[in-house]
Amino acid sequence: MKTENLIFSREDKKIYKSGDKLIKVFDEHYSKANILNEALNHARVEETDLNVPKIRSIEVVDGNWAIVLDYIEGETLQSLMKKHPEKEDEYLNLFVDLQSTVLSKNVPMLNKLKDKMNAKISQANLDATTRYELHTRLDSMPKHKHLCHGDFNPTNVIITSDGTPYVIDWSHATQGNSSADVARSYLLFYLAGQEKLADKYLKLYCKKSDTAIQYVQRWIPIVAASRLVKAQKEEEEFLRGWIDVVDYE
């Protein structure tokens, strides 16, 4: 299989386009279990009626594990928002509506979001009191079974030439509380330096879904702590700032 047309690269993976296929090649040190789990998550989401690229195969390419998927021709919503700032409201509405559609689905075989977050909080470099408060807050949150993307941001939405939106990168998919996924999207906007857009997004989502903003905000310290485990150095101070808002009761 040819891996000549590199379209994305980072330390632990490279993504290539080969004809109508996208080849996601993982670094040799990347956990095989995590790669196969990512493929399994994606395959389970494929069983919904959402527009997602289909997995073609799992292969070994030049000695490294790879996931081969359909290549979706189009432009990311992030790119479109940059090109057409005058359409920000239109694109943000599309983004929120698409996320609401994702969250309306049920994929019962996925791992539970609460289990994943409890594990992440335990691993986070936080003092015992803060970890205890975060575990307690998480345990008190209602248990839901909505499909949560785990990294829902405009770079993971591709719009085709006919306007069809596709959602990509399901490696973090779980089942759980919708507001946790919304809190993560909110933080991702902030981490991208889009503070005003983050606030606008949260208000719009809460208005459309009839969700109290305060309810989503209660998830933010939990989500921030779960991201802290693998955060870039420049993200740590920001995330700790959100974790510090935990109410000690």
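Our structure's up above, just so we're on the same page.
Residues numbered from 1 in each chain as written. Predicted model: local features only at pLDDT ≥ 70, side-chain atom pairs only at ≥ 80, totals over all residues. Heavy atoms only, no water.

K.L.:
Explain the sheet that holds strand β2 (residues 13-18) to me, please; I cannot follow it from the model alone.
P.N.:
Adjacent strands of a sheet form backbone hydrogen bonds with each other and so pair up, either parallel or antiparallel. Strands sit in the order β1-β2-β3-β5-β4 across an open sheet of 5 strands; the sheet is antiparallel. Each edge of the open sheet is held by one strand with a lone partner, namely β1 (5-10) and β4 (55-61). Between one strand and the next, the sheet's axes are offset by a mean angle of 20°, whatever the strand orientation. Bridge count for β4 against strand β5 (residues 64-70) is 6 bridges, and the pairing is antiparallel. In the strand pairing of β5, Val60 is matched with Trp65. (Pairing = 2+ DSSP bridges. Helix = DSSP H or I, 4+ residues; strand = E, 2+ residues; numbered from the N terminus. Axes fitted to C-alpha atoms, helices over the stretch in contact; angles between N-to-C directions.)

K.L.:
What's the story with the packing of aromatic side chains in this structure? I'm lost.
P.N.:
Aromatic ring pairs: the centre-centre distance and the angle between the two ring planes describe each pair. Scanning all chains against the criterion turns up 10 aromatic pairs. Clustering of aromatic rings is evident, with ring pairs tying together Phe95, Phe152, Phe189 and Tyr201. When the ring centre of Tyr71 is taken as reference, the NZ or CZ atom of Lys17 above it lies at 4.9 Å. (Phe/Tyr/Trp six-rings, centres within 6.5 Å; stacked < 30°, edge-to-face > 60°. Lys NZ or Arg CZ within 6 Å of the ring centre and 35° of its normal.)

K.L.:
Help me out: how do you make sense of unusual backbone geometry in this one?
P.N.:
Leaving glycine aside, a negative phi is the common case for residues, and trans is the common case for peptide bonds. At Asp62, a position not held by glycine, the phi torsion is positive, near 50°. Structurally, Asp62 is set in the loop between β4 and β5. The class for Asp62 is exposed, based on a relative accessible area of 70%. For Asp169, which is not glycine, the phi torsion reads 60° and is therefore positive. Inspection of the secondary structure assignment puts Asp169 in the loop between β9 (165-167) and β10 (174-176). (Buried < 20%, exposed > 50% of the residue type's maximum accessible area, 1.4 Å probe, protein only.)

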